[in-house]
Amino acid sequence: MREVDEDGLAIRPNKTQLKRELAELQKLVVAIIALGEGERARLDLDDKFLAGVHRAAAMKASSGRNREIKYLTKLLQKQNLEQIRDWFENRNSRHSEENRRFHALEKWRDRLVEQGDEALQQYLEQYPHTDRQQIRALIRSAVRERDTGKPAGAGKKLFRQLRENAADAVESAILSEQQEQ
């Protein structure tokens, strides 16, 4: 039975909107194909869809792959789209948070190499559990490398140390929060 409006005319869906939704679903299928096995397993997709994803992932760009993507788009409409979209949104926000932390650590490394003891004092205030001697030695090595134009081996070591200190700070904050409760 067709739906009709108050004038008795048949209501049909907006074709442009349907095409947009279909294009969005195709992008979602391509994103699922690009995921690794472990991430795909977290999505709780049915076996028929996953088998098609494996086939499409093995194919090179071709008309056959495009047909497979269109077929998978049709199958995806039967899945829990809200759960899949939420998972991708959560994944993207995690990645952007990791990138933000990574850039903050890069800024610390650059400040420590450029400003020396002044920046080190500020860093130690923020991360008091840091081994002062080790970080100071890494800073001196990174400055020496920068001044002589050598490859950034000590700069990389300094960055790794900063990343470990940040991870330790997060861990200790979580432990202290748990102990308070």
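Residues numbered from 1 in each chain as written. Predicted model: local features only at pLDDT ≥ 70, side-chain atom pairs only at ≥ 80, totals over all residues. Heavy atoms only, no water.

**A look at helix H1 (residues 15–34)**
Taking 1.5 Å per residue as the helical rise, H1 with its 20 residues ought to reach 28 Å, and the 29 Å between its terminal C-alpha atoms agrees with that figure. Among all positions in H1, only Leu25, Leu28, Val29, Ile32 and Ile33 are buried. Looking down the long axis of H1, one finds its buried residues gathered within 140° of arc, a one-sided arrangement. Projecting away from the buried face of H1 at angles above 90 degrees are the exposed residues Lys19, Arg20, Lys27 and Ala34. Where H1 is buried, its residues touch helix H2 (37–42), helix H3 (47–58), helix H4 (63–76) and helix H5 (81–115). The N-capping residue of H1, defined by a side-chain oxygen 3.0 Å from the backbone nitrogen of threonine 16, is asparagine 14. (Helix = DSSP H or I, 4+ residues; strand = E, 2+ residues; numbered from the N terminus. Expected span 1.5 Å × (residues − 1). Buried < 20%, exposed > 50% of the residue type's maximum accessible area, 1.4 Å probe, protein only. Arc of directions from axis to C-beta. Contact = heavy atoms within 4.5 Å. Polar contact = N/O pair within 3.5 Å; in protein donor to acceptor, adjacent residues only side chain to side chain.)

**Notes on the nonpolar core**
Counting 20 residues, the largest nonpolar core has Ile32, Phe49 and Leu76 as its most contacted members. At the level of secondary structure, the elements contributing two or more residues to this core comprise H1, H3, H4 and H5. Top element by residues in this core is H1. It accounts for five residues. Non-local contacts of phenylalanine 49, meaning those with residues more than four positions away in its chain, are made with Val29, Ile32, Leu72, Leu75, Leu76 and Gln79. In terms of nonpolar packing, the next biggest core, distinct from the first, is built from 18 residues, Ile135, Ala154, Phe159 and Leu162 among them. (Core = buried A, V, L, I, M, F, W, Y, C linked by side-chain atoms within 4.5 Å.)

**Observations regarding the packing of H5 against helix H7 (residues 132–148)**
Put simply, H5 and H7 touch, their axes get as near as 9 Å, and they point 75° apart. With respect to H7, the axis of H5 lies roughly perpendicular. When H5 is examined against H7, the residues Leu112, Val113 and Glu114 are found in contact with a partner set consisting of Ile139, Ala142, Val143 and Arg146. Across the contact of H5 with H7, the residue classes tally to five nonpolar, no polar and two charged. (Axes fitted to C-alpha atoms, helices over the stretch in contact; angles between N-to-C directions. Parallel < 35°, antiparallel > 145°, perpendicular 65-115°, else oblique. Nonpolar A, V, L, I, M, F, W, Y, C, P; charged D, E, K, R; others polar.)

**Quick word on the confidence of the model for the chain**
Here the chain averages 83 in pLDDT, while 92% of its residues score no lower than 70. The secondary structure element of the chain with the lowest average pLDDT is helix H8 (residues 153–180), at 74, and the one with the highest is H4, at 90. (pLDDT = per-residue confidence, 0-100.)

**A look at the pattern of salt bridges**
Within this structure, the stated rule accounts for 10 salt bridges. Of the charged contacts, one joins arginine 55 and glutamate 68 as a salt bridge, the two residues approaching to 2.9 Å between their closest N and O atoms. Highlighted residues: arginine 55 in helix H3 and glutamate 68 in helix H4, separated in sequence by 13 residues. For arginine 55, a relative accessible area of 41% translates into the label partly exposed. (Salt bridge = Lys/Arg side-chain N within 4 Å of Asp/Glu carboxyl O.)

**Observations concerning the side chain of asparagine 165**
In this structure, asparagine 165 sits in helix H8. A residue is classified by how much of its surface remains accessible, and asparagine 165, at 3% relative accessible area, is buried. At a separation of 3.4 Å, a polar atom in the side chain of asparagine 165 contacts the side chain of threonine 130. If near-sequence neighbours (up to four positions away) are discounted, asparagine 165 is found in contact with Tyr123, Tyr127, His129, Thr130 and Ile135.

**Details of the environment of leucine 50**
Mapping leucine 50 onto the fold places it in helix H3. Linking leucine 50 and isoleucine 33, residues 17 residues apart in sequence, is a C-alpha distance of 9.2 Å. Not counting the four nearest positions on each side in its chain, leucine 50 is found in contact with Arg40 and Leu45.

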